[in-house]
Amino acid sequence: MARRLFVVAVVTLALSASGCKQKKQESAGGQEARSKGNIAVIVSTLNNPWFVVLADTAKTRAGELGYEATIFDSQNDTAKESDHFENVIVGGYAAILFNPTDADGSIANVKKAKEAGIPTFCIDREVNANDVAAAQILSDNYAGCVELGQYFVKKMSQKGKYVELLGILGDNNTWNRSKGFHSVVDNYPGLKMVAQQGAEFDRTKAMDVLESILQANPDIDAVFCGNDAMAMGAYQALAAAGKADKVMVFGFDGAKDVIDSIRDGKIVATGMQFPKRMARMAAEQADEYIKGKRDFPQKIPVAVELVTRENIAKYTAYGRQSNE
Amino acid sequence: MKKVGKYTLTVAVLAFLLHRGLYFENLEDIRQQRRREAFNAAEYARDFWDNQLPGVLDKAVGTKELIGLFNTDMAQAIERYGKTPGVSRVYAYLLKGEGTILAIGENGLEVSVEEPQTNPDVLIETGFYIPGNAVRDASGLIDVSKFSDTMKFNEIGGEINKIVVKDVIKPFLDKGPSTGRTVRFFGATQIARDAAEEKELQLVRIVPIKLELE
């Protein structure tokens, strides 16, 4: 028994030490004395610039509101995400700004935080529950891809072969995007999807997947990608195959490299999500919660806007030029 | 020799049982299937259409008044009549009116609601499918927060659009509308806050909820 207690104590100390180390590395410095409390920003991955912007903006806004904010990277791994929640609960954080890795798999973590009295505010991605998070601020992926689908049909003149690259299969955003797109495109029998494969929202994986698809389908006319990182990977694969001028690539996110590529005439269109707006809203809602407010709408869809070569002048990376 | 036969038989029986009793399925497929089984978007949309939507049609604003507000005071149009399920530059409106059919195209009827009735003001969509969520959102009756996942909310929008095509557009087209005739309508539209500068207001697109020929 004594030995078991000793092991538990050692593990707890080790966890606390690693938590402190991480906090020191990533937290907004110099504000500890004046801090209103700690806020955790738990993000699905930092291996994608879009999520880096999301996490950094949440952290910065929380800092502006007087909190000490720390970013935790789940590396798209629900087990790591679960560890982060454990550490955050033990660490006595005041709120969690959360970008989940899995719509179903992440519910238990949010529930655990709620039971520990820590409110969770989901950003961009949702959890499939409406009674565990304090609020969920979500990209309206489906409606965004309906609009993107309409533009796709127009650019394809209602006919041709295309490939769809899906994101992470356990993420609702993947399916909301795909279904929104197909709710339009599937009405046109002249548009044939020759391959639909997952590439986990990852640029390198998208490049590899499209390279192998091109072996069997060298005559495609377009690629619809569930995010911008995959769109850039798809474009790279097409460029390597000498097809970049012939095949149209459509993305989704509004990331910097794709906005630049639309401006340069490489990528045809994307759906602009607003990671900065969503992250700021989440931090502000967490602040309001800490101050006593409780009546937040459970799910708040944030509209996605179509960005094309025609209207690119109105947009910048991750938002509108007008700073909306 | 007897032993070898016994072992062979045991291995064969085990292999058979494993083959019959053990199979692999994609976890995400199972999750999606469970979600679909638990919720029927078509039934929800039908109940919405038959029992809930008629109760809010008396709140529909006149199309002339609404287009007037869009052009003169968008903020007022949004405040008085606009609805959005979340944060958006685009708002949905329930509207009603009547006008003269000036043209019938693949995507809809070009209708003039203003005098002189020479230029179309609205396009009443009568295509073979309806995209978007105009009716769902303009009704203001369906709260996204009531759903555990937003896919259900989106599926309802799609099912409502199917009802529009089946119950409104097809029967109306069967009556043989022609140019010069008057059409009375209830419908829904989605307009961006900055529609005036985007020139979206030149032809306001309307998803029909009721269509009648005079």
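Scroll up to find the structure this text is about.
Notes on the structure follow.

Cut-offs used in this document
Residues numbered from 1 in each chain as written. Chains lettered and ligands numbered in written order. Predicted model: local features only at pLDDT ≥ 70, side-chain atom pairs only at ≥ 80, totals over all residues. Heavy atoms only, no water. Helix = DSSP H or I, 4+ residues; strand = E, 2+ residues; numbered from the N terminus. Buried < 20%, exposed > 50% of the residue type's maximum accessible area, 1.4 Å probe, protein only. Axes fitted to C-alpha atoms, helices over the stretch in contact; angles between N-to-C directions. Parallel < 35°, antiparallel > 145°, perpendicular 65-115°, else oblique. Left-handed = near helix turned anticlockwise from the far one by under 90°. Contact = heavy atoms within 4.5 Å. Nonpolar A, V, L, I, M, F, W, Y, C, P; charged D, E, K, R; others polar. Pairing = 2+ DSSP bridges. Phe/Tyr/Trp six-rings, centres within 6.5 Å; stacked < 30°, edge-to-face > 60°. Arc of directions from axis to C-beta. Core = buried A, V, L, I, M, F, W, Y, C linked by side-chain atoms within 4.5 Å. Buried area = accessible area lost by both parts, 1.4 Å probe. Salt bridge = Lys/Arg side-chain N within 4 Å of Asp/Glu carboxyl O. Lys, Arg positive; Asp, Glu negative; His and termini not counted.

1. Concerning the environment of Pro-49 of chain A
Residue and element names in this part refer to chain A. With respect to the helices and strands, the residue Pro-49 is situated in helix H2 (residues 49-64). Looking at Pro-49, the relative accessible area reads 46%, which means it is partly exposed. On a C-alpha basis, the gap between Pro-49 and Asp-228 in space is 9.9 Å, while along the polypeptide they are 179 residues apart.

2. Side note on the packing of helix H5 (residues 141-155) of chain A against helix H6 (residues 172-185) of chain A
All names here are of chain A. The contact between H5 and H6 brings their axes to 7 Å, and the two run at 40 degrees. One finds that H5 runs oblique with respect to H6. Crossing geometry of H5 relative to H6 is assigned as right-handed. Touching Asn-141, Tyr-142, Cys-145, Val-146, Gly-149, Gln-150, Phe-152 and Val-153 of H5 are Asn-173, Asn-176, Arg-177, Lys-179, Gly-180, Phe-181, Ser-183, Val-184 and Val-185, all from H6. Taken together, the residues of the contact of H5 with H6 break down into eight nonpolar, seven polar and two charged.

3. Regarding the sheet that holds strand S2 (residues 68-73) of chain A
All names here are of chain A. Strand order in the open sheet formed by six strands is S2-S1-S3-S4-S5-S11, with parallel pairing between adjacent strands. Among the strands making up the open sheet, the edge pair consists of S2 and strand S11 (299-302). Strand after strand, the sheet turns through a mean of 15 degrees between neighbouring axes, direction not considered. Sitting on the sheet, H2 touches strand S1 (38-43), S2, strand S3 (95-98) and strand S4 (120-124), and the angle it makes with S1 is about 175 degrees.

4. Focus: the packing of aromatic side chains
By the definition in use, this model includes 19 aromatic pairs over all chains. For the ring pair Phe-121 of chain A and Tyr-289 of chain A, a centre distance of 6.0 Å and an interplane angle of 80 degrees mean the geometry is edge-to-face. Residue Phe-121 of chain A is located in strand S4, and its partner Tyr-289 of chain A is located in helix H10 (residues 275-290); the two are separated by 168 residues in the primary sequence. Overall, Phe-121 of chain A belongs to the buried group, its relative accessible area being 0%. Measuring from centroid to centroid gives 5.0 Å for Phe-70 of chain B and Tyr-93 of chain B, while their planes differ by 75 degrees, and the two rings are edge-to-face. Of the two residues, Phe-70 of chain B is situated in helix H4 (residues 63-72) and Tyr-93 of chain B in strand S2 (residues 90-104); the sequence distance between them amounts to 23 residues. The same class applies to Phe-70 of chain B as to Tyr-93 of chain B, namely buried.

5. A closer look at helix H9 (residues 256-263) of chain A
An α-helix turns once every 3.6 residues. As a result, residues three or four positions apart point the same way. Residue and element names in this part refer to chain A. All of the buried residues along H9 are Val-258, Ile-259, Ser-261 and Ile-262. Projected onto a plane normal to the axis of H9, the buried residues spread over an arc of 160 degrees and lie on a single side. Buried residues belonging to H9 abut helix H8 (228-240), strand S10 (269-272), strand S12 (305-308) and strand S13 (315-316). Where H9 terminates, the next one or two residues include Gly-265, which has phi positive at roughly 80 degrees.

6. Things to note about the nonpolar core
Residues and elements named next belong to chain B. Formed by 57 residues in total, the largest nonpolar core has its most connected members in Trp-49, Tyr-93 and Val-135. With nine residues, the top contributor of residues to this core is helix H7 (residues 150-174). Apart from the residues within four sequence positions on either side, Tyr-93 is in contact with Leu-66, Phe-70, Met-74, Ala-77, Ile-78, Tyr-81, Gly-82, Ala-138, Gly-187, Ala-188, Thr-189 and Ile-191.

7. Points about the interface of chain B and chain A
Taken together, the contacts link 27 residues of chain B with 37 residues of chain A. Carbon and sulfur atoms supply 47% of the area that chain B and chain A bury against each other, a total of about 2500 Å² over both sides. Our count for the chain B to chain A interface comes out at three salt bridges. For the salt bridge of Arg-89 of chain B with Glu-305 of chain A, the shortest nitrogen-to-oxygen distance reads 2.9 Å.

8. A closer look at the pattern of salt bridges
Residue and element names in this part refer to chain A. As enumerated under the stated definition, the model contains 29 salt bridges over all chains in all. Between Glu-284 and Arg-61 there is a salt bridge, with the nearest N and O atoms lying 2.7 Å from each other. Residue Glu-284 is found in helix H10, and its partner Arg-61 is found in helix H2; the two are separated by 223 residues along the sequence. Judged by relative accessible area, Glu-284 falls into the partly exposed class, the value being 29%. Ionic pairing is found between Glu-305 and Arg-320, a salt bridge with its closest N-O pair at 2.9 Å.

9. Side note on the pairing of strand S8 (residues 222-225) of chain A
Residues and elements named next belong to chain A. Of the two faces of S8, the one lined by Ala-222 and Phe-224 and the one lined by Val-223 and Cys-225 are each fully buried. Of the pairings in the sheet, the one linking strand S6 (residues 160-166) to S8 comprises four bridges and is parallel in character. Note on S8: the bridge partner recorded for Leu-165 is Cys-225. When S8 meets strand S9 (residues 248-250), the two strands line up parallel, connected through three bridges. Paired with Val-223 across the strands is Val-249, a residue of S9.

10. Examining the side chain of Asp-140 of chain A
Residue placement: Asp-140 of chain A occurs in the loop between strand S5 (135-139) and H5. At 5.1 Å, Arg-136 of chain B is the nearest oppositely charged side chain to Asp-140 of chain A, a buried residue that forms no salt bridge. Not counting residues up to four positions away in its chain, the partners in contact with Asp-140 of chain A are Pro-301, Val-302, Ala-303 and Val-304 of chain A together with Asn-154 of chain B.

11. With respect to the packing of helix H7 (residues 203-216) of chain A against H8 of chain A
All names here are of chain A. At their nearest, the axes of H7 and H8 sit 7 Å apart, and the two run at 45 degrees to each other. In terms of axis orientation, H7 runs oblique to H8. Of the two possible hands of crossing, H7 and H8 adopt the one that is right-handed. Residue-level contacts link Arg-203, Ala-206, Met-207, Leu-210, Glu-211 and Leu-214 of H7 to Ala-229, Met-230, Met-232, Gly-233, Ala-234, Gln-236, Ala-237 and Leu-238 of H8.

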